[in-house]
Amino acid sequence: MPTETRTARSCCGVSEILSRVGDKWSVQVVVALREHPRRFNELKRHIDGISQQMLTRTLKSLERDGMVSRKVHDRTPPQVEYALTDLGRSLAEPVRQLAEWSVAHLGTIYAHRERYDDTHPDTSTGRGR
């Protein structure tokens, strides 16, 4: 297989994975599970603004990708617990570092956005010259 084809396939695969692990809800689920396993409703309370449907969808996707495990406890009523797998734990540290970088640079980024918006016409915000 030519190198260009392999590179294109690798880039496509990397892009797909980054869109999964970098989406807003997946990141928050990984962060929420970093310290210990949690039950569904505990996760929902921990992740501000996530709907039940979106949490279900996100957990299924992360489980499908091998980053989250789902364990059903044989009780009445049944309890389901979610935990990071080894693969998910390996993602947790870079996600934490990215979150820390974001917090450290929020003010600077907002200042740049404000300067940009003040000097460039933007029909979506109505700001600019």
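Up top is the structure.
Because the structure is a prediction, the values reported are computed rather than measured.

Criteria and thresholds
For every chain, the first residue of the written sequence is number 1, and numbering continues from 1 along that sequence. Only residues with pLDDT of 70 or above have their local features reported here, since the model is predicted, and side-chain atom pairs are shown and tallied only from 80 upward, although totals for entire chains, interfaces and linings are computed over all residues. As a rule here, side-chain values come from all non-hydrogen atoms in the structure, and water together with hydrogens is ignored. In this description a helix means any DSSP run of H or I spanning at least four residues, a strand means any run of E spanning at least two, and both kinds are numbered starting from the N terminus. Each residue is placed in one exposure class: buried if its accessible area under a 1.4 Å probe, protein chains only, is under 20% of its type's maximum, exposed if it is over 50%, and partly exposed if it falls in between. Residues count as neighbours in contact if any of their non-hydrogen atoms are within 4.5 Å of one another. Under the convention used here, a 1.4 Å probe and the Shrake-Rupley method define accessible areas, while residue burial counts only the protein chains that appear. Like-charged residues within 9 Å of one another, or nonpolar side chains (Val, Leu, Ile, Met, Phe, Trp, Tyr) within 5 Å, are grouped into patches, provided each residue has over 30% relative accessible area and no salt bridge. The term salt bridge refers to a side-chain nitrogen of Lys or Arg lying within 4 Å of a carboxyl oxygen of Asp or Glu. All tallies of charge rest on Lys and Arg as positive and Asp and Glu as negative; His and the ends of each chain are not included. Where a charge lies is defined by one atom per residue type, namely NZ (Lys), CZ (Arg), CG (Asp) and CD (Glu). Only strands joined by at least two bridges in the DSSP assignment are considered to pair. For helices, the fitted axis covers only the stretch in contact; all axes are lines through C-alpha atoms, and the angles between them, taken along N-to-C directions, range from 0 to 180 degrees. Comment on the angle field: the value is read as roughly parallel under 35 degrees, roughly antiparallel over 145, roughly perpendicular from 65 to 115, and oblique elsewhere. Residues are grouped as follows: nonpolar covers Ala, Val, Leu, Ile, Met, Phe, Trp, Tyr, Cys and Pro; charged covers Asp, Glu, Lys and Arg; every other residue, Gly included, is treated as polar. What makes a nonpolar core is a set of buried Ala, Val, Leu, Ile, Met, Phe, Trp, Tyr and Cys residues whose side-chain atoms join them at distances within 4.5 Å.

A. Up close: the overall build of the protein chain. When helices and strands are counted, the protein chain shows 5 helices and 3 strands. Out of the 129 residues belonging to the protein chain, those deemed buried represent 23%. Long-range pairs, those at least 24 residues apart, make up 36% of the contacts in the protein chain with a sequence separation of at least 6. Per element, the accessible surface of the protein chain, about 9500 Å² overall, is 52% carbon and sulfur.

B. Broad picture of a positive patch on the surface. A contiguous patch of positive charge on the surface is contributed by Arg 39, Arg 45, Lys 71 and Arg 75. Within the element layout of this structure, Arg 75 appears in the loop between strand E2 (68-73) and strand E3 (79-84).

C. Looking closely at the environment of Gly 49. Here Gly 49 is to be found in the loop between helix H3 (40-46) and helix H4 (52-64). The class of Gly 49 is exposed, set by a relative accessible area of 63%. Sequence separation between Gly 49 and Trp 25 is 24 residues, and the spatial gap between their C-alpha atoms is 9.7 Å.

D. Inspection of the pairing of E2 at higher detail. Two elements, E2 and E3, share 6 bridges in a ladder whose sense is antiparallel. Directly across from Ser 69, in E3, lies its bridge partner Ala 83. Where E2 hands over to E3, the hairpin turn is made up of 5 residues, counted between the paired strands.

E. A look at the environment of Gln 28. By the element assignment, Gln 28 lies in helix H2 (residues 24-33). Among the residues examined, Gln 28 registers a relative accessible area of 28% and is labelled partly exposed. The spatial distance from the C-alpha of Gln 28 to the C-alpha of His 46 is 9.0 Å, given a sequence separation of 18 residues. Setting aside residues up to four positions removed in sequence, Gln 28 forms contacts with Ile 47 and Asp 48.

F. Spatial organisation of the packing of H2 against H4. Two numbers describe how H2 lies on H4: the axes approach to 10 Å, and their chain directions differ by 75°. Between H2 and H4, the angle is such that the two are roughly perpendicular. Where H2 abuts H4, its residues Trp 25, Ser 26 and Val 29 lie against Met 54, Leu 55, Thr 58, Leu 59 and Leu 62. Of the residues assigned to the contact of H2 with H4, the class counts are 6 nonpolar, 2 polar and no charged.

G. Fine view of the pattern of salt bridges. All told, the structure shown has 4 salt bridges when counted by the stated rule. Arg 89 is paired through a salt bridge with Asp 86; the nearest N and O atoms lie 2.3 Å apart. Within this pair, Arg 89 and its partner Asp 86 are both found in helix H5 (residues 86-119), separated by 3 residues, close to a single helical turn. For Arg 89, a relative accessible area of 44% gives the class partly exposed. A single salt-bridge network, built from bridges that share partners, covers Glu 93, Arg 96 and Glu 100.

H. Up close: the nonpolar core. Core analysis: the biggest nonpolar cluster contains 21 residues, and Leu 43, Ile 47, Leu 55, Leu 59 and Tyr 82 have the highest contact counts within it. Elements that contribute at least two residues to this core include exactly H2, H3, H4, E3 and H5. For this core, the leading source of residues is H2, giving 5 residues. Contacts of Ile 47, omitting those with residues within four sequence positions, involve Trp 25, Gln 28, Val 29, Ala 32 and Leu 55.

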